[in-house]
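This is what each chain is made of:
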Amino acid sequence: MALFAEGILKLHWDQSVPVNLARIAKGMGIVVVLSEDLEPCARLEISPQNKARLVIGKRQSSIRQRYGVAHAMGHLALHHLRPGGQRLIDVADNFGVDQDSRIDSEANQFALGLLMPSQVLEYCVRDMGMANLQELAELFDVAPILVKQRLADLDIRLHPPLAQPLDPVIDLD
């Protein structure tokens, strides 16, 4: 599923980090609207004329919104919905998905690949020496648990520095 995300990135990504999902949605022909009333993170709708519309619930945090949008894009790119259908995207506190649902697992893998392109994540960890989950999460504007999952999927290990910086010595004289 990450390969599908890489294809979407090749077509629509402007190489910015965090990944500009609005630009990608526009490139994919998805109409995106915000809703004050939508309780879940997002709702993906496919009209009978096969036009995609993504409604984003404004009550959710921006990190949940980004994950919900990427997850919904996965359902669309992977053709999980037929014209006239819709799907609610409800992001759990732990960002988990129903692992018993094949299409949710596939959309999750797509979302991780879209939000954290492999070549950028590898560069950050291997070449720049970034070894802090929180720092990587802030860079990609995602939850740390998602970074951890993506690193595991790509078999990338974080290597903390060999020595920890010491606290400065305080002179009491």
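Residues numbered from 1 in each chain as written. Predicted model: local features only at pLDDT ≥ 70, side-chain atom pairs only at ≥ 80, totals over all residues. Heavy atoms only, no water.

Asker: Is there a simple way to think about the overall build of the protein in this case?
Answerer: A tally of helices and strands in the protein yields 7 helices and 4 strands. Starting at the N terminus and ending at the C terminus, the protein contains elements arranged as α-α-β-β-β-α-β-α-α-α-α. Contacts in the protein between residues at least 24 apart in sequence constitute 61% of all its contacts with a sequence separation of at least 6. (Helix = DSSP H or I, 4+ residues; strand = E, 2+ residues; numbered from the N terminus. Contact = heavy atoms within 4.5 Å.)

Asker: Explain the sheet that holds strand E4 (residues 86–89) here, please?
Answerer: Strand pairs in the sheet, formed through backbone hydrogen bonds, run parallel or antiparallel to each other. The mixed open sheet is built from 4 strands, whose spatial order is E1-E3-E2-E4. The two strands at the open ends of the sheet, each matched to only one other strand, are strand E1 (31–35) and E4. Looking at each pair of strands side by side, their axes are set apart by 15° on average, direction ignored. Where E1 and strand E3 (residues 52–57) come together, 5 bridges link them in parallel fashion. Bridging across to E3, Val 33 finds its partner in Val 55. Across the sheet, helix H3 (residues 62–77) touches strand E2 (42–46), E3 and E4, and the angle it forms with E3 is around 160°. (Pairing = 2+ DSSP bridges. Axes fitted to C-alpha atoms, helices over the stretch in contact; angles between N-to-C directions.)

Asker: Can you walk me through the side chain of Ser 35 in this structure?
Answerer: Tracing the backbone through its elements, the reader meets Ser 35 in strand E1. A distance of 3.1 Å separates a polar side-chain atom of Ser 35 from the backbone nitrogen of Leu 38. If we ignore the near neighbours within four places in the chain, the residues touching Ser 35 are Val 55, Ile 56, Gly 57 and Lys 58. (Polar contact = N/O pair within 3.5 Å; in protein donor to acceptor, adjacent residues only side chain to side chain.)

Asker: In this structure, what is going on with helix H6 (residues 133–140)? I would like to understand it.
Answerer: Given 3.6 residues per helical turn, the α-helix brings residues three or four places apart onto the same face. Within H6, the full set of buried residues consists of Leu 136, Ala 137 and Phe 140. Along the axis of H6, the buried residues cluster in a sector spanning 100°; they form a single face. Summarising the contacts, the buried residues of H6 are in contact with H3, helix H4 (102–115), helix H5 (118–127) and helix H7 (144–153). Among the residues of H6, the N-terminal cap falls to Asn 132, whose side-chain oxygen and the backbone nitrogen of Gln 134 are separated by 2.8 Å. Of the residues trailing H6, Asp 141 is marked for its positive phi of about 55°. (Buried < 20%, exposed > 50% of the residue type's maximum accessible area, 1.4 Å probe, protein only. Arc of directions from axis to C-beta.)

Asker: Can you help me understand unusual backbone geometry in this one?
Answerer: Generally, phi is negative for residues other than glycine and the peptide bonds are trans, each holding for most cases. A cis geometry characterises the amide bond from Val 17 onward to Pro 18, with omega recorded as 0°. Within the fold, Pro 18 resides in the loop between helix H1 (2–12) and helix H2 (21–27). In this structure, Asp 141 is a non-glycine residue whose phi angle is positive, near 55°. For Asp 141, a relative accessible area of 24% translates into the label partly exposed. For Asp 155, which is not glycine, the phi torsion reads 55° and is therefore positive. For Asp 155, the location among the structural elements is in the segment after H7.

Asker: Before we go on, may I ask you to explain the pattern of salt bridges in this structure?
Answerer: Between side chains of opposite charge, pairing is possible as soon as their charged atoms come close. On inspection of all chains with the given rule, the structure shows 9 salt bridges. Between Arg 87 and Asp 104 there is a salt bridge, with the nearest N and O atoms lying 3.0 Å from each other. Pair noted here: Arg 87 is in strand E4 and Asp 104 is in helix H4, with a separation of 17 residues, a long-range link. Accessibility expressed as a relative area gives 22% for Arg 87, which makes it partly exposed. Looking at Asp 104, the relative accessible area reads 13%, which means it is buried. Across the pair Glu 106 and Arg 102 runs a salt bridge whose closest N-O atoms are separated by 3.0 Å. Highlighted residues: Glu 106 and Arg 102, both in helix H4, separated by 4 residues, approximately one helical turn. Here Arg 102 falls in the exposed class, since its relative accessible area comes to 55%. Each member of the salt-bridge network shares a partner with another, and the members are Arg 43, Glu 45 and Arg 53. (Salt bridge = Lys/Arg side-chain N within 4 Å of Asp/Glu carboxyl O.)

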